[in-house]
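# Per-entry structural report
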Amino acid sequence: MINTSTFAALAASLALSLAAMPANAGAVLDRVLAAKTLKVATDANWAPQSFVNDKNEMDGFDVDVAKEVGKHLGVSVEFVTPGWDIITAGNWQGRWDMHIGSMTPTKARGELFDFPAVYYYTPAAVAVHKDNKAEKLADLEGKRIGVTATSTFEAYANQDLTLDAAGAPAFTYEFKPGEVKSYANSTTAFDDLRLGDGTRLDAVVSSLPSILDAQKAGYPIKQLGKPVFFEPLAVAVEKGDKELSEKIAEAIKTIQTDGTLSKLSVKWYGVDYTVTQ
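Described in the following lines is the structure provided in the data block. As a convention, each chain's residues are numbered from 1 in the sequence order in which they are written. Predicted model: local features are reported for residues with pLDDT of at least 70 only, side-chain atom pairs are reported and counted for 80 or more only, and whole-chain, interface and lining totals are derived from all residues. Just so you know, side-chain values use all the structure's heavy atoms and leave hydrogens and water out.

## A short note on the packing of aromatic side chains
Note on ring pairs: Phe, Tyr and Trp rings are taken, using the six-membered ring of Trp, and paired if centres are within 6.5 Å. Classes follow the plane angle, with under 30 degrees stacked, over 60 edge-to-face and the rest tilted. Counted under the stated rule, the structure contains 18 aromatic pairs. Between Phe61 and Tyr120, the ring centres sit 4.8 Å apart and the planes meet at 70 degrees, which makes this aromatic pair edge-to-face. Note that Phe61 is positioned in helix α3 (residues 61-73) and Tyr120 in strand β8 (residues 118-129), a separation of 59 residues in sequence. Tyr120 shares its class with Phe61; the two are buried. Aromatic ring contacts, followed pair by pair, group Phe153, Tyr156, Phe171, Tyr173, Phe175 and Phe229 into a single cluster. Lying across the ring of Tyr219, Arg194 places its NZ or CZ 3.9 Å from the centre. Each helix corresponds to a stretch of at least 4 residues labelled H or I by DSSP, and each strand to a stretch of at least 2 residues labelled E; elements are numbered beginning at the N terminus. Think of it in three bands: residues with accessible area under 20% of the maximum for their type are buried, residues over 50% are exposed, and the middle band is partly exposed, with areas taken using a 1.4 Å probe on protein chains only. Working rule: Lys NZ or Arg CZ, within 6 Å of ring centre, within 35 degrees of ring normal, means a charge sits over the ring.

Quick look at the structure:
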């Protein structure tokens, strides 16, 4: 027979164990369905993936994909725009339910997040000022390179990139920077690059779509060489809600199958990035 003190100790131990566990299975999905709102974290300044348009509304490829997921769940979508470093740090504490912002599902990130679905593959490339005389990527050896903090671009520049997600082609390091400067996002790095060749930066490693979009916006930059790596990009949720992950995977599968995802890619990029390059 268990005495009162023993029972109390067991109860306390159980409570501590439960507190240490991730969110109860289904808890986040239940909250989303009850509120009829899916809170999605993404970047407000990373066109054409996600940005604030001239109507002061979130727009872009990632935004449209998030809306399709919300439609599949039968809920509205609310966007929040924390910094990339805050998103990738985990411990969201219910401030948002899901991240759709072109995150690469690396092994390290897999310790914090589940990745229900890869929804497209994008080339990472190097941009230089239009006056830069480099003829090949190797000419950037020892130069100052701008990147987004805690991104795969930063890892590549630091020659510490591991792409262990399915569908990621092999890559090589084309140059070793002399200095890597980290920014809140690619746009602020492009802002420094546009000041002049070598003024603050010699090059920026970013997604090719972002480089092309910056060029369209009038930035005096150009792509140097071929893409340096291709990365599969996934939806991310915090660990612990299998039901939410399954619903998101189901939603992405649906828009892949019916062609919606390919159409959205062509709409925003002019290219179908939803298949492996």
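## Some words on the sheet that holds strand β3 (residues 50-52)
Strand order in this open sheet of 3 strands is β2-β3-β4, and the pairing throughout is antiparallel. Lying at the two open borders of the sheet, with one neighbouring strand each, are β2 (45-46) and β4 (58-59). We call two strands paired when DSSP finds no fewer than two bridges between them. In the sheet, β3 pairs with β4 via 2 bridges, with the strands oriented antiparallel. Bridging across to β4, Phe51 finds its partner in Asp59.

## Looking at the environment of Ser50
Inspection of the secondary structure puts Ser50 in strand β3. Note: C-alpha distance between Ser50 and Gly60 (10 residues apart in sequence) is 4.5 Å. The contact criterion used throughout is that any non-hydrogen atoms of two residues lie within 4.5 Å. Those residues in contact with Ser50 that sit more than four places away from it in its chain are Thr42, Asp43, Ala44, Asn45, Met58, Asp59, Gly60 and Val63.

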